[in-house]
Amino acid sequence: MGRKLTYIFLFLLALLVCYPFVFILTGSFMSGAEAKAYLLPMITGGDGYVNWRLIPMMPTLKHYVELLLDSPEFFSMFWNSFKIVGCILAGQLLAGVPAAWALAKLKLPFKKLIFMIYIILMMMPFQVTMLSNYLVLDQLKLLDTHAAIILPAVFSTFPVFIMHRFFVSVPDGIIEAAKIDGAGDIMTFLYVGVPLGSSGIISAVILSFLEYWNLIEQPLAFLKTKSLWPLSLYLSNISIERSGFAFTASVIAFIPALLVFLSGQDYLEKGIVASALKG
Amino acid sequence: MTQKKKYLPGIAFLLPSFLGVFIFVLLPFADVVRRSFLTAVDESWVGFKNYITVFNNAAFKLAAGNTVRFVAICLPLLIFISLLIAYLLYKKIKNTQFFKTAFLLPMAIPTASVVLLWKVLFNSKGLLNAVLNSFNIETVDWMNSKYAFWVLIVVYIWKNLGYTIVLWLAGLSSISEDIYEAARVDGAGEWKMFWRITLPSLMPVLYTITVLSFLNSFKVFREAYLVAGDYPHDSMYLLQHIFNNWFRDLAVDKMAAGAVVVAVVILVLILMLQKAWDKED
């Protein structure tokens, strides 16, 4: 295949992959009436098929205004999401960074076994731990609170695994030098380990953010009260009749993830690659 | 005493995390294993009865079969397509950044944000059928027929393509150009070099991709659930659905046995892959 032909093929494929994003974006600028007119066969089950325009006939910001100024319930869901993700990330850093450092650079009994347990737990899908999570949350009387989502996620072993990969590559010589200069274990960790492993820490934070901004299974299982729901679950409950509003809500829910993705893409790629290197 | 002192810093650093893992995962999972041998009502010992119930449960058999079929189809498909794209990107494109961004984008889009599109696209009156209809091809009720399974496969590949391409690209760029040069001098064609040099060098990456893609294949439940709800078409009724439904009914005995079975299967798979991985050294 020629270079040009390959380029065109890959470009078309990339467009296809990005189409969902464009679709939602254009929908968010469409008036409710216009979107409804296009989607009518789907809503009423009548004759004909849905059609769509990639450029709205009459673009409008109406739904953005409505959403930002006149939808308190949307805001509280948005806040729920931020609170949940923020607490999870902070907790993962507090517990996970020192643990990753210990597994990478400090002496530990049964180190290999502990690391193996961490890897195995990281591979277990939510469905395997769902009941055990439920049992312990029930014991601690945490069901139907945000802590029910936050606490199990804080102790996810995936970020520890990613950060471990980066800490392993910190040269032992530098650690020795710090020790000779009189730095204790905490000083060495804070002034040598954390700065040199910072790209690993950022990678883990970005991967976690994208994962937890997208929570579905856990809130669905552990949060009965709808006002506690994160945005990700609330969105899917907007009915198709309010499609104009739903498109706009979808775009706004996507913006934080998009910002994190674009500003951290280098680290995201590093994190993905780190998960592939052999330790 | 000195032995203990040597370990002290390491233990102190690990403890918060390990304690959390122990309290929130290991301990309750041990309880789940215990409960898998008890009745749900009065917690009396029933041996393997729960396991037998689960294995004889028609819904479980359907879900397990679908899940195995899903993984068996989507993994090779994803691995092949992403390798093809990564190879083309690596060989033919100078600046791959734009393409990496485009292919990674689906990973950032929250599932709930695109559910609307999946609904509009795959509805029986939806966009896909509108296109088919305009070409006079017979339309299909995508979500309420055996095609629902394939919709799920497409969505899974769409979501995970970028991640996998980045992994392949990392593997490809770690192969030294000298080896290709030497092969070229010996008169090897592009196809031969791909089979003899590129593929064997990519084996370690393949293990990681397999593990991570398998892990991510369970997350396809998000799309499945948000598009089709608790009881989707039979062809896409997965293990995740049955666990969700058992959970809603609080069928603790069945859930416990089911969780242990799935955990054991995954554990065996991980250990097997780990062994194959170690052999590569």
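Residues numbered from 1 in each chain as written. Chains lettered and ligands numbered in written order. Predicted model: local features only at pLDDT ≥ 70, side-chain atom pairs only at ≥ 80, totals over all residues.

**Topic: the overall build of chain A**
Piece 1. Counting secondary structure elements, chain A contains 15 helices and zero strands.
Piece 2. Expressed along its principal axes, the backbone C-alpha trace of chain A runs to roughly 75 × 60 × 35 Å.
Piece 3. Within chain A, residue pairs in contact and separated by at least 24 positions form 79% of the contacts whose partners lie at least 6 positions apart. (Helix = DSSP H or I, 4+ residues; strand = E, 2+ residues; numbered from the N terminus. Contact = placed C-beta atoms within 7 Å.)

**With respect to the domain arrangement of chain A**
Often, the extent of an interface is quoted as the loss of accessible area on bringing the components together.
Residue and element names in this part refer to chain A.
Piece 1. We note that the domain assignment places domain 1 (3-60) and domain 2 (70-274) within chain A.
Piece 2. Centre-to-centre separation of domain 1 and domain 2, based on C-alpha positions: 33 Å.
Piece 3. Contacts between domain 1 and domain 2 engage 12 residues on the former and eight residues on the latter.
Piece 4. When contributions to the side of domain 1 that touches domain 2 are tallied by element, the ones reaching two or more residues are α1 (3-28) and α2 (32-44).
Piece 5. Of all the elements, α2 adds the most residues to the side of domain 1 that touches domain 2, at six residues.
Piece 6. For the side of domain 1 that touches domain 2, the residue count by class is seven nonpolar, four polar and one charged. (Domains from an automatic or database assignment. Nonpolar A, V, L, I, M, F, W, Y, C, P; charged D, E, K, R; others polar.)

**A few points about the interface of chain B and chain A**
Piece 1. Contacts between the two partners involve 81 residues from chain B, matched on the other side by 76 residues from chain A.
Piece 2. The residue makeup of the side of chain B that touches chain A, split by class, is 63 nonpolar, 12 polar and six charged.

**Topic: the domain arrangement of chain B**
Piece 1. Domain boundaries assigned for chain B yield domain 1 (1-35) and domain 2 (48-279).
Piece 2. Measuring from the centre of the C-alpha atoms in domain 1 of chain B to the corresponding centre in domain 2 of chain B gives 33 Å.

**Quick word on unusual backbone geometry**
Residues and elements named next belong to chain A.
Piece 1. The phi dihedral of Phe110 is positive, around 55 degrees, even though this residue is not glycine.
Piece 2. In this structure, Phe110 sits in the loop between α4 (72-105) and α5 (111-123).
Piece 3. Assessed through the 9 C-beta atoms surrounding it within 10 Å, Phe110 is described here as exposed. (Buried ≥ 20, exposed ≤ 12 C-beta atoms within 10 Å, placed from the backbone.)

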